[in-house]
Amino acid sequence: MQYMDVNTASQKWGITGRRVRILCNDGRIDGAVRNGWSWLIPADAPKPGDGRVLRRFRNLDIRPGFVDVDTLHGMSSDFPLSSSSSSFVSLLPSTISFLFLLDGKEIGAEEVKVVLEGKLCYSLSLQEHLLIVNFTSILKNLFHKKDKWNGGTLKETYARLMQGILDSDGEYEREYLEGREDGEKISVKAAMETMLKQYEDSWSLLHPVSSSSILSGEITRISPYNSALSFFTYLVLGGELMRGGVLPPLLDSSILLEAKAAYSLVSSKGVYTDLTSLTERMILRSYMEMKKNV
């Protein structure tokens, strides 16, 4: 993907640089991303048309510089993904407990641990057992995949996650989401297609901590599914990180309020700084926990 700056876009389209910035801020230019105080605009982006025909999603306030690339690179070189899946899954009980909590269920890490050991936990339902088993199985497989996400793989992943729980083929369970304007309704299908186009065109070229935070944040905002959304979103985030050679984050209830606040900023303002920072910190925790278990 080639990008142009505001001045180049201004000359190409025959409008002022100030107007270009306004269009970027208003989400009128597909694929435009903020980088600090400037904007990066896809070189093949068409000149925005009539202002009455607005794109329905604002562009995102992305600051890739917040990611400590050198530290992550040094740690990831110590733990090749191809040989880390089993060790990482053994550390997941607190993370799975946290994901249940995000979805409104209080299930302790010790209960999850019993299931991960291949045993029956009598305090959990059959559906909860299946969700834990399906989730860890998919996550293990993602350790060996390097492909970008697309609409098909997202739906396939959700269908596998809900296997034996819901009769789902991965089709989106919600039809509309609320828009930014009062009373506005937006098709979930259109929202997901727009999100995936931006991911393919620009987000996937960012550092995996940034791209995974944006992708998972947008899925949370759109909420295409009603069941196990936190588990699904984590798989997307983890898969995107591992595509870039980075371990997924380890989470627990101590960050619940911080995580909710970060996702609230994403939903209300499209600001990803806090979510990216939290993701990065929890990834570093993953590497430290892996070192303890070597």
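The written sequence of each chain sets the order in which its residues are numbered from 1. Only residues with pLDDT of at least 70 are given local features in this predicted model, and only at 80 or more are side-chain atom pairs given and counted; all residues enter the totals for whole chains, interfaces and linings. Working from all heavy atoms in the structure, the side-chain values ignore hydrogens and water.

Quick word on the overall build of the protein
Helix and strand assignments follow DSSP, with helices taken as H or I runs no shorter than four residues and strands as E runs no shorter than two, numbered in order from the N terminus. A tally of regular secondary structure across the protein gives 13 helices and five strands. When the 294 residues of the protein are sorted by exposure, 48% land in the buried category. A separation threshold of at least 6 residues defines the contact pool for the protein, and within that pool the share at least 24 residues apart is 68%. Of the roughly 14,300 Å² that the protein leaves accessible, carbon and sulfur atoms contribute 49%. For every residue, the accessible area obtained with a 1.4 Å probe (protein chains only) is divided by the maximum for its type, and the residue is called buried under 20%, exposed over 50%, and partly exposed between those limits. Should any heavy atoms of two residues lie within 4.5 Å, those residues are counted as being in contact. Shrake-Rupley sampling with a 1.4 Å probe provides the accessible areas, and residues are treated as covered by the protein chains on show and by no other component.

What to know about the environment of S216
By the secondary structure assignment, S216 is in helix α10 (residues 208-222). Here S216 falls in the buried class, since its relative accessible area comes to 0%. Taking the C-alpha atoms as reference points, S216 and S230, separated by 14 residues in sequence, lie 9.5 Å from one another. Those residues in contact with S216, other than ones at most four positions away along the chain, are T233, L237 and Y263.

Some details on the pattern of salt bridges
One side chain can pair with another of opposite charge once the charged atoms of both are near each other. Between Lys or Arg on one side and Asp or Glu on the other, a salt bridge is scored when a side-chain nitrogen of the former is within 4 Å of a carboxyl oxygen of the latter. Tallied over the entire structure, the rule returns 10 salt bridges. Across the salt bridge formed by K148 and E200, the nearest N and O atoms sit 3.6 Å from each other. Of the two residues, K148 sits in the loop between α7 (126-142) and α8 (151-161) while E200 sits in helix α9 (residues 188-201), which places them 52 residues apart along the sequence. Accessibility expressed as a relative area gives 40% for E200, which makes it partly exposed. Ionic pairing is found between E171 and K155, a salt bridge with its closest N-O pair at 3.3 Å. Of the two residues, E171 is situated in the loop between α8 and β4 (176-178) and K155 in helix α8; the sequence distance between them amounts to 16 residues.

A look at helix α12 (residues 256-269)
End to end, α12 covers 20 Å across 14 residues, agreeing with the expected 20 Å (1.5 Å per residue, within 8%). Buried within α12 we find L256, A259, A262 and V266. Along α12, the residues classed as buried sweep out an arc of 135° about the axis, all on the same side. Along α12, exposed side chains directed more than 90 degrees from the buried face belong to L257 and K269. Expected span, for any helix, means 1.5 Å times one less than how many residues it has. The arc in question is the one traced by the directions running from the helix axis out to the C-beta atoms.

A word on the packing of helix α5 (residues 93-102) against helix α6 (residues 109-116)
Contact geometry for α5 and α6: axes closest at 8 Å, N-to-C directions at 120°. Where α5 crosses over α6, the handedness of that crossing is right-handed. Contacts from P93, S94, I96 and S97 in α5 reach A109, V112, K113 and L116 in α6. Residue classes follow a fixed rule: Ala, Val, Leu, Ile, Met, Phe, Trp, Tyr, Cys and Pro count as nonpolar, while Asp, Glu, Lys and Arg count as charged, and any other residue, Gly among them, counts as polar. Grouping the constituent residues of the contact of α5 with α6 by class yields five nonpolar, two polar and one charged. Note on definitions: angles span 0 to 180 degrees between N-to-C directions of axes, and those axes are lines fitted to C-alpha atoms, for helices only across the stretch in contact. Two helices that cross are described as forming a left-handed crossing if the nearer one is turned anticlockwise from the farther one by less than a right angle, and a right-handed crossing if clockwise.

Observations regarding the nonpolar core
Residues F135, L139 and L161 are the most contacted members of the largest nonpolar core, which totals 70 residues. It is helix α11 (residues 229-243) that provides the largest number of residues to this core, a total of nine residues. When near neighbours in sequence (up to four residues on either side) are disregarded, L139 contacts F88, L92, Y234, L235 and M242. Counting residues in each nonpolar core, the second largest holds 13 residues, with V6, V20, I29 and A32 among its members. Nonpolar cores are built from buried Ala, Val, Leu, Ile, Met, Phe, Trp, Tyr and Cys residues. Side-chain atoms within 4.5 Å join them into one set.

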